Amino acid sequence: MMDFNSTSFHPATFQLTGFPGQEAAYHWISIPFCVLYITAMVGNCTVLCIICADRHLHRPMYLFLCMLSVNDLGMSLSTLPTVLSIFFFDAADVPFDACLAQMFSIHSFSFMESGILLAMSLDRFVAICDPLHYVAILTNPRIVRIGLAIVIKSTSMLFPFPFLIKRLPICKGNVLSHAYCLHPDMMRLACADTTVNNIYGLFAILVTYGLDSVFIILSYVKILRTVFNTSSHEQRLTALNTCVSHICAVLLFYVPIIAVSVMHRFGKNAPGLVHILLSYAYLFVPPVLNPIVYSVKTREIRKRISRIFSRGVM
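Reading the values: rules and limits
- Residues numbered from 1 in each chain as written.
- Predicted model: local features only at pLDDT ≥ 70, side-chain atom pairs only at ≥ 80, totals over all residues.
- Heavy atoms only, no water.
- Helix = DSSP H or I, 4+ residues; strand = E, 2+ residues; numbered from the N terminus.
- Rg over C-alpha atoms; globule rule 2.2 N^0.38 Å.
- Buried < 20%, exposed > 50% of the residue type's maximum accessible area, 1.4 Å probe, protein only.
- Contact = heavy atoms within 4.5 Å.
- Areas by Shrake-Rupley, 256 points an atom, 1.4 Å probe, with all protein chains shown as cover.
- Lys, Arg positive; Asp, Glu negative; His and termini not counted.
- Charge placed at Lys NZ, Arg CZ, Asp CG, Glu CD.
- Core = buried A, V, L, I, M, F, W, Y, C linked by side-chain atoms within 4.5 Å.
- Patch = residues over 30% accessible without salt bridge, like charges linked within 9 Å, V, L, I, M, F, W, Y side chains within 5 Å.
- Salt bridge = Lys/Arg side-chain N within 4 Å of Asp/Glu carboxyl O.
- pLDDT = per-residue confidence, 0-100.

**Details of the overall build of the protein**
- Along the protein, the regular secondary structure elements total eleven helices and two strands.
- Taken from the N to the C terminus, the helices and strands of the protein come in the order β-α-α-β-α-α-α-α-α-α-α-α-α.
- What you see for the protein is a C-alpha radius of gyration of 21 Å, in line with the 20 Å of a compact globule of 314 residues.
- Seen through its C-alpha atoms, the protein measures out along the principal axes to roughly 70 × 50 × 40 Å.
- Taken over 314 residues, the protein has a buried fraction of 47%.
- Counting contacts in the protein only where the partners sit at least 6 residues apart, residues at least 24 apart contribute 77% of the total.
- Carbon and sulfur atoms make up 70% of the accessible area of the protein, which amounts to about 16,200 Å² in all.
- The distance from the centre of the 22 positive side-chain charges to the centre of the 15 negative ones in the protein is 13 Å.

**Quick word on the nonpolar core**
- Ranked by internal contacts, the top residues of the largest apolar core, which has 86 residues, are Phe14, Phe33, Phe87, Leu117, Met186 and Tyr280.
- For tyrosine 280, the residues in contact, after removing those within four places along its chain, are Thr17, Gly18, Phe19, Phe33, Phe87, Ala179, Tyr180 and Val285.

**Things to note about the side chain of histidine 107**
- In this fold, histidine 107 is placed in helix α3 (residues 96-129).
- With a relative accessible area of 10%, histidine 107 lands in the buried category.
- When sequence neighbours within four positions are dropped, the list of residues in contact with histidine 107 reads Leu158, Leu182, His183 and Pro184.

**Remarks on a nonpolar patch on the surface**
- Taken together, the side chains of Leu211, Val214, Phe215 and Leu218 define a hydrophobic patch exposed on the protein surface, amounting to about 370 Å² of accessible area.
- Overall, phenylalanine 215 belongs to the partly exposed group, its relative accessible area being 45%.

**A look at the confidence of the model for the protein**
- Per-chain confidence: the protein averages 87 in pLDDT, with 94% of residues scoring 70 or above.
- Taken element by element, the protein is modelled with least confidence in helix α11 (residues 299-313), mean pLDDT 75, and with most confidence in helix α5 (residues 140-158), mean pLDDT 95.

**So, a positive patch on the surface**
- Among the surface-exposed residues, Lys297, Arg299, Arg302, Lys303 and Arg307 lie close enough to one another that they form a single positively charged patch.
- When residues in the positive patch are grouped by element, the largest group, four residues, is from α11.
- Among the structural elements, arginine 299 can be located in helix α11.

Printed below as a string of C-alpha cells:
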C-alpha cells in the first residue's frame, strides 16, 4: 500500500530497484559495488593529495584535474547511500524529499563534470595553440572564477527540477527503475501533463551536454590543425600525448550518456538488465576510471605514485 503525504498527492517514500529477480544474490552483488566505490574514493583522493602536496603541480592542468576529482567524489557519495542500502540491507524505501535531494545532486554533479571537461579542453587549447600566453591567460584567479561559474551554471540549471517534480501528482505507483533517484524516472510516475518537465529537461541537456560537447570538439579541431602544422614529428607526438588523458575522460563521460540515450529511444525491446547496467555505467565509470587514466597517462602523477609505493616497500 502506497502512503501519501497529506499536503499533496505525493508518495511519502519511493521504492528503489536494484536488479529485479536477483534479490537473493544482493549480498554478492554488493561486493563489486563496494570495490567500485573504494576504487573511486581511493583513486580520486590520491590524485587530490598528490596535487595538493606538491607545489610544482599547482598549475592549470592539475587544478582542473583537482576539480574533476572533487566532482567524481561528489558523484560517488551522491549514489552511495541508496545503492549500498539496497544491496547490503535490502532497504529500498527512500523519503520523497530525500529522493529529490539525491536527484538534484546526481544531475548537478553530472552537469558540472561536463563543464569541467570543457574547461580542461580550454586548458589544452591554450597550452598547444597559444603556449606563450598560457600562464598569462590561465591565472589562478581566473581558474577559480571558471570553477565557480561551472558550479553556479550547473546548480542554477538544475534548480527548477525539484519544483517541477513537486508540482506533479505522483499516482502511478512509487517504484523507481534504479537504485537511485533520477528526474526522468520520477517524472514517469506522474499522472498529469509532463510537457513542461520534458521541454525544460531537453533544454537543460542541450545547454550543458550539447553546447559543452560542441565546444570540446571545436577546441580539438583547432588543436589538431595547430599540431599538424608543426614541422617536427616529435613535437606533434608530445603535444598529442598531453591530450590523451583528457580525451579518455571525455569518452568515459559522454559514451555512456550517449549509450543510455540511444537505448532509451531505440532499445525499448532490449532486456531490462541491459538498461540497468548502462545506467550504472553512466554514473560509475567516470569516477572509477578517471583517476586511473590520469595516473597512468600523466607522467608527473605516475612518478609521484611510484615514489609512494617504493617508500612503502622499503
